[in-house]
Amino acid sequence: MPDEAQPLLEARLSVRLGGVAVLRDVHLRLERGRCTGLVGQSGSGKSTLGLALTGLLGGHARVEGSILFEGEQLLGQRERQWQALRGRRIALVLQSASSALNPALRISTQFEEAWRAHSRQPWAGARAWVCELLRGFDLPEDDGFLRRYPAQVSVGQAQRILIAMALLHRPDLLIADEVTSALDFLTQREVVASLRRANREWGVAVLHITHDLLSVPGLCDEIVVLEKGVVVESGPSARILEEPAQEYTRRLMSALRSVRSGAGEPALGPF
């Protein structure tokens, strides 16, 4: 049984890519069943951190520090150990559904392959869970939909399919990297609702990596603000959103208010 007093994941990382310091002593603590927003401008190092947490930076990166997942050190593990963890305990969803889904395979086949990657249980026994996931994300669960190819569904549906697929093995942590940034406003709301449901209803901890501040209120319990590879502020969402302590965070929050007042879009949650 996991130690409930222990964070699900705690990392302290420095990363250099091609001799350039991309992350500098970044401290990140993720609690079980909570949603954390990692925010900052493009180029601040957010996606690099997400890839580091899943062992996907590759040999060209120099990563120093520690990544403790339920107290186990992940940094320095062999690729086979990472492969056993990714998709089963820690799931990653990237920005582009069009590149993440195989255009030559039906949706049902991609679900089945994702299932077989980490389970020895028969695929037929997973069908009820797949249908529950599809219903939970407002996706059709009939055979006609599952037999479609990725090009035959909308962008919003494709992104929600990816999130549903990431939850197949009921991971403890879902890392969502810029999953709303390339979507229109209404589709963004659909995808944010999917992340909220994964967190609130299925108890999955979520790291929501984004520069799209409109997707943060109403979803994230905590916020970590990253600027040029350094954490400049972190804390409960209400405090960060309403009373930011740092000038950089104040500018981000001011931009959020400007977008809302200028576009006249409804809020995604309390601000």
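In the block above lies the structure referred to throughout.
Residues numbered from 1 in each chain as written. Predicted model: local features only at pLDDT ≥ 70, side-chain atom pairs only at ≥ 80, totals over all residues. Heavy atoms only, no water.

Topic: the pattern of salt bridges
Next, step 1: Per the counting criterion, the structure on display carries 18 salt bridges.
Next, step 2: With a shortest N-O distance of 3.6 Å, Lys46 and Glu178 are connected by a salt bridge. With a gap of 132 residues between them, Lys46 in helix α1 (residues 46-53) and Glu178 in the loop between β7 (173-177) and α8 (185-202) connect regions that are remote in the sequence.
Next, step 3: With a shortest N-O distance of 2.8 Å, Glu112 and Arg116 are connected by a salt bridge. With Glu112 and Arg116 both in helix α4 (residues 107-116) and four residues apart, this pair spans about one turn of that helix.
Next, step 4: Residue class for Arg116 comes out partly exposed when judged on its relative accessible area of 49%.
Next, step 5: Salt bridges linked by common partners bring Arg32, Glu70, Arg89 and Asp172 together as one network. (Salt bridge = Lys/Arg side-chain N within 4 Å of Asp/Glu carboxyl O. Helix = DSSP H or I, 4+ residues; strand = E, 2+ residues; numbered from the N terminus. Buried < 20%, exposed > 50% of the residue type's maximum accessible area, 1.4 Å probe, protein only.)

Things to note about the packing of aromatic side chains
Next, step 1: In the structure shown here, the tally under the stated rule is two aromatic pairs.
Next, step 2: Ring centres of Trp129 and Trp202 lie 5.7 Å apart, and the angle between their planes is 80 degrees; on these two criteria the pair is classed as edge-to-face. Of the two residues, Trp129 is situated in helix α5 (residues 127-136) and Trp202 in helix α8; the sequence distance between them amounts to 73 residues.
Next, step 3: Judged by relative accessible area, which is 10%, Trp129 ranks as buried. (Phe/Tyr/Trp six-rings, centres within 6.5 Å; stacked < 30°, edge-to-face > 60°.)

Here's the deal with helix α7 (residues 155-166)
Next, step 1: Along its twelve residues, α7 runs 17 Å from first to last C-alpha, staying within 8% of the 16 Å computed at 1.5 Å per residue.
Next, step 2: Considered for burial, the residues of α7 that qualify are Gly156, Gln157, Ala158, Gln159, Arg160, Ile161, Leu162, Ile163, Ala164, Met165 and Ala166. (Expected span 1.5 Å × (residues − 1).)

Focus: α1
Next, step 1: When you tally the buried positions in α1, you get six out of eight residues, the bulk of the element.
Next, step 2: Of all the residues in α1, the buried ones are Lys46, Thr48, Leu49, Gly50, Ala52 and Leu53.
Next, step 3: Note on α1: the residue one or two positions beyond its end, Gly55, has a positive phi of about 65 degrees.

Concerning the state of the cysteines
Defined simply, a disulfide is a covalent bond joining two cysteines at their sulfur atoms.
Next, step 1: One pass over the structure, following the stated rule, counts zero disulfides.
Next, step 2: Unpaired in terms of disulfides, Cys220 finds its nearest cysteine sulfur in Cys35, a separation of 3.9 Å. (Disulfide = S-S within 2.5 Å.)

Some words on the sheet that holds strand β10 (residues 230-236)
Next, step 1: Strands sit in the order β6-β7-β8-β3-β9-β10 across an open sheet of six strands; the sheet is mixed. Each edge of the sheet is formed by a strand with only one pairing partner; in this case those strands are β6 (90-93) and β10. The sheet shows a mean angle of 15 degrees between the axes of neighbouring strands, direction not considered.
Next, step 2: Two strands pair when backbone bridges link them, and β6 and β7 are joined in this way by four bridges, in the parallel orientation. (Pairing = 2+ DSSP bridges. Axes fitted to C-alpha atoms, helices over the stretch in contact; angles between N-to-C directions.)

Digging into the sheet that holds strand β4 (residues 61-69)
Next, step 1: Taken together, the four strands give an open sheet; going across it, the order is β2-β1-β4-β5, and neighbouring strands pair in antiparallel fashion. Each edge of the sheet is formed by a strand with only one pairing partner; in this case those strands are β2 (20-30) and β5 (72-73).
Next, step 2: Here eight bridges tie strand β1 (residues 9-17) to β2, and the two strands are oriented antiparallel to one another. By the bridge assignment, Leu9 is partnered in β2 with Leu30.
Next, step 3: The sheet strands contacting α1 are β1, β2 and β4, and the helix crosses β1 at an angle near 115 degrees. (Contact = heavy atoms within 4.5 Å.)

Details of the nonpolar core
Next, step 1: Phe111, Ile161, Ile163, Leu167, Leu168 and Leu174 are the most contacted members of the largest nonpolar core, which has 54 residues in total.
Next, step 2: Among the elements that take part in this core, α7 stands out by supplying seven residues, more than any other.
Next, step 3: Apart from residues lying up to four places away in sequence, Phe111 is in contact with Trp123, Val130, Leu134, Leu146, Ile161, Ala164, Met165 and Leu168.
Next, step 4: One finds Leu8, Ala11, Ile90 and Leu173 within the second-largest nonpolar core, a separate group that totals 28 residues. (Core = buried A, V, L, I, M, F, W, Y, C linked by side-chain atoms within 4.5 Å.)

Here we look at the environment of Gly43
Next, step 1: Relative to the helices and strands, Gly43 is located in the loop between β3 (35-39) and α1.
Next, step 2: The class of Gly43 is exposed, set by a relative accessible area of 78%.
Next, step 3: Along the backbone, Gly43 and Leu226 are 183 residues apart, and their C-alpha atoms lie at a distance of 9.8 Å.

Remarks on the side chain of Asp212
Next, step 1: In this fold, Asp212 is placed in the loop between β8 (205-210) and β9 (222-227).
Next, step 2: The contact partners of Asp212, leaving out residues within four places of it in the chain, are Thr180 and Gln188.

Details of unusual backbone geometry
Next, step 1: Positive phi values are uncommon outside glycine, yet Arg170 reaches one of about 50 degrees.
Next, step 2: We note that Glu178 has phi near 55 degrees; this positive angle belongs to a residue other than glycine.
Next, step 3: Under the relative-accessibility criterion, Glu178 is labelled buried at 7%.

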